[in-house]
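The residues making up each chain are set out below.
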Amino acid sequence: MNNIYYMIWVDAIQSIRKHHPHKKTWKKEIFILITWMHALNFWIILLWLKYFKVLIVPILDIDIFSGDMLDGFFSFAIEFALPVGLLNYFFVFRNNRYEEIIDKYKHVKIRYGLIYSVSMSLGAFLSAILYGILT
């Protein structure tokens with residue numbers, strides 16, 4: 001049985017290694033990209049659970065900076081990206097586990113990383129617009 005979570009990681013890692021073979025910071029870049037996509041996915045799920053009044057999680061309110069954009073960014077990063085980032089680290093990057101995962105899923109032909117990234121970006125954009133219209 002294939003695990004879609006790991007197939008997304010393998011596709012992303014293999015893609016960056018193929019297109020940028022001499023890049024030294026590929027681990028950080030892939031980690032940030034996929035973690036951000038997982039954070040958007042988590043946000044979409046909680047947004048719609050909130051809309052249908054299934055689960056209402058209060059949004060973390062940070063007031064460190066004078067503007068709202070930086071406060072909102074850090075609130076999102078702490079509330080959504082930090083938990084999935086920790087999970088991603090322990091499931092994929094701790095003790096170079098990604099090497100075992102690549103060996104197990106090396107014959108992945110579908111571009112799961114690209115499909116997931118594009119769908120989560122569009123899904124977050126459309127969810128924000130729909131939620132704003134409906135509330």
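First, a word on scope: everything that follows refers to the structure included in this document. Remember, predicted model here, so these are calculated numbers, not experimental data.

Reading the values: rules and limits
Residues numbered from 1 in each chain as written. Predicted model: local features only at pLDDT ≥ 70, side-chain atom pairs only at ≥ 80, totals over all residues. Heavy atoms only, no water. Helix = DSSP H or I, 4+ residues; strand = E, 2+ residues; numbered from the N terminus. Contact = heavy atoms within 4.5 Å. Salt bridge = Lys/Arg side-chain N within 4 Å of Asp/Glu carboxyl O. Buried < 20%, exposed > 50% of the residue type's maximum accessible area, 1.4 Å probe, protein only.

## What to know about the environment of A128
Inspection of the secondary structure puts A128 in helix 5 (residues 112–134). Along the backbone, A128 and D63 are 65 residues apart, and their C-alpha atoms lie at a distance of 23 Å. Ignoring any residue separated from it by four or fewer positions in sequence, one finds A128 in contact with W43 and L47.

## What about the pattern of salt bridges?
Side chains bearing opposite charge may pair, as long as their charged atoms lie close to each other. Going through the model one piece at a time under the given rule, you end up with two salt bridges. The residue D11 makes a salt bridge to R111 at a minimum N-O spacing of 3.4 Å. Placement of the pair is D11 in helix 1 (residues 4–19) and R111 in the loop between helix 4 (98–104) and helix 5, with a sequence separation of 100 residues. For R111, a relative accessible area of 38% corresponds to the partly exposed category. Note that K23 and E29 form a salt bridge whose closest N and O atoms lie 3.2 Å from each other. Judged by its relative accessible area of 30%, K23 falls in the partly exposed class.

The quantities given are spatial measurements derived from coordinates; they are silent on function.
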